[in-house]
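# Architecture at a glance
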Amino acid sequence: MSKLGNLGARLYRGEVGYDFIGKRKIWYGISILITVVAIVGLAVRGLNMGIEFSGGAVLTTPKTSVSSSEAQHLAESASGGHQAVVQKLGGGALRIQISGLDTKQAVPVQDKLAEDLKVPVKEINTQLVGPSWGEEIANKAWLGLGIFMVLVVIYLAIAFEWRMALAALIALIHDLTITVGVYALIGFEVTPGTVIGLLTILGYSLYDTVVVFDSLKEASQGITKQTRFTYSEVANRSINGTLVRSINTTVVALLPVAGLLFVGGGVLGAGMLNDISLALFVGLAAGAYSSIFIATPLVADLKNTEPQMKALAKRVQAKRASAAKEAERPQQDGDPGQDDEDPAAAGLVGPRSQPAARNRGRGRTSGKRR
């Protein structure tokens, strides 16, 4: 078994672990800081909306020796100061997007660009996108996102409970805010491809969160009938048990997306790939982070407000305090040894199947005596 696989098995059995729940205030602080930066970037710089949402013209030119930066300057000059985005296509062609142009303005701009770029006017393909159509697309995108959120909350409330549904919703909003903030800070254009990427990452983030929630739901069944672990400790064990799986899934998902973003978009200059791959890359990373560091700690905080969970925590602490006092008291000759299932020693780390481990140990000892 590989080292990572061995670590995953030990995490699952509870032999080792990291206290994610106990350090939750650190994760909350990091998320709040990143979210504030994203909101400030969104408020100051705003989103660079594509013409699909703002309306405008898309002009595709034949092969030309004019650079992208020079073509952008010529397009903005020909359109009277309208913002232009230029992309280099295969074979030396250019794709020029000019926001805010209507039908009357597009014809003279096309003529002026043909003259400046020294290409025939008839070979420039011009497509117009009306602002009303772009507004309709934007409204449908927001409507689809809202329906998605409502369905997610309903499903999680039925499959698990309302606290998990609320925590998952907060995690999804967290991922959305960070991704949109990165778009604002970097200045990438928001297109329908961006919306597709956002919906994709929300589905992935939800999947990763449900995996942890399912493990937590199974581990916390009948939790109030025992006095070894609090709810926070069970939640922490659930995160550790699925940690390696979450890391593997995230890395495998990020590698091809990184290829799309850095190779396809950066090296090859495929503009549409940038729109989708940036949303996927940032969203997948944020989704994995929120599933581990935000969603489950939030569930633990919400559950710990319940009276039965407060009572359970008091019983666990009382039993551990009693066991600690018993361990400190000197044993008299003939006194039985301390119970193996010492709650104070169990803590967050320790085998999940401790009785079986003890039985195996006794079997080996008896074998040596024979």
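Our subject is the structure that appears above.
Residues numbered from 1 in each chain as written. Predicted model: local features only at pLDDT ≥ 70, side-chain atom pairs only at ≥ 80, totals over all residues. Heavy atoms only, no water.

Now for the overall build of the protein. On a plain count of helices and strands, the protein comes out with 14 helices and six strands. By residue count, 42% of the 370 residues in the protein fall in the buried class. For the protein, long-range pairs separated by at least 24 residues make up 75% of all intrachain contacts whose partners lie at least 6 apart in sequence. About 19,600 Å² of surface is accessible on the protein, with carbon and sulfur atoms providing 62% of the total. (Helix = DSSP H or I, 4+ residues; strand = E, 2+ residues; numbered from the N terminus. Buried < 20%, exposed > 50% of the residue type's maximum accessible area, 1.4 Å probe, protein only. Contact = heavy atoms within 4.5 Å. Areas by Shrake-Rupley, 256 points an atom, 1.4 Å probe, with all protein chains shown as cover.)

The next thing to look at is the sheet that holds strand β3 (residues 84-88). Strand order in the open sheet formed by four strands is β3-β4-β2-β5, and the pairing between neighbours is antiparallel. Two strands in the sheet have a free side with no partner beyond their single neighbour: β3 and β5 (125-129). Strand-to-strand twist in this sheet, taken as the mean axis angle between neighbours without regard to direction, amounts to 15°. Bridge count between strand β2 (residues 56-61) and strand β4 (residues 94-99): six bridges; the pairing is antiparallel. Bridge pairing in β4 places L59 opposite I96. Helix α4 (residues 68-78) contacts β3 and β4 of the sheet and is inclined by roughly 150° relative to β3. Against the sheet, helix α5 (residues 103-117) engages β2, β4 and β5, with an angle of about 145° to β4. (Pairing = 2+ DSSP bridges. Axes fitted to C-alpha atoms, helices over the stretch in contact; angles between N-to-C directions.)

Turning our attention to helix α12 (residues 307-328). Between the first and last C-alpha of α12 there are 32 Å, a value that for 22 residues agrees with the 32 Å anticipated at 1.5 Å per step. For α12, the complete set of buried residues consists of M309, L312, V316, R320 and A323. Viewed along the axis of α12, the buried residues span an arc of 65°, placing them on a single side of the element. Exposed and oriented more than 90 degrees from the buried face of α12 are P307, K314, K325 and E328. (Expected span 1.5 Å × (residues − 1). Arc of directions from axis to C-beta.)

What follows deals with the side chain of S291. Secondary-structure assignment places S291 in helix α11 (residues 271-303). You can call S291 buried: its relative accessible area is 0%. Polar contacts involving the side chain of S291 include one to the main-chain carbonyl oxygen of G287, which spans 2.8 Å. If near-sequence neighbours (up to four positions away) are discounted, S291 is found in contact with S205, D208, T209, V212 and T296. (Polar contact = N/O pair within 3.5 Å; in protein donor to acceptor, adjacent residues only side chain to side chain.)

Relative orientation of the contacting elements helix α8 (residues 192-219) and helix α9 (residues 231-241) amounts to 135°, with a least axis distance of 9 Å. Between α8 and α9, the interaxial angle falls into the category oblique. Crossing of α8 against α9: the hand is right-handed. Two secondary-structure elements touch here, α8 through V212, S215, L216 and A219 and α9 through Y231, V234, A235, S238 and I239. Partitioning the contact of α8 with α9 into residue classes produces seven nonpolar, two polar and no charged. (Parallel < 35°, antiparallel > 145°, perpendicular 65-115°, else oblique. Left-handed = near helix turned anticlockwise from the far one by under 90°. Nonpolar A, V, L, I, M, F, W, Y, C, P; charged D, E, K, R; others polar.)

Attention shifts here to the pattern of salt bridges. Within the structure shown, the criterion is met by seven salt bridges. E161 is paired through a salt bridge with K303; the nearest N and O atoms lie 3.5 Å apart. Taken as a pair, E161 in the loop between α6 (131-159) and α7 (162-186) and K303 in helix α11 lie far apart in primary sequence, 142 residues in all. Pair check on accessibility: E161 and K303 agree, each one buried. In this structure, the salt-bridge partner of K303 is E306, at a minimum N-O distance of 3.4 Å. The buried category is assigned to K303, whose relative accessible area is 9%. (Salt bridge = Lys/Arg side-chain N within 4 Å of Asp/Glu carboxyl O.)

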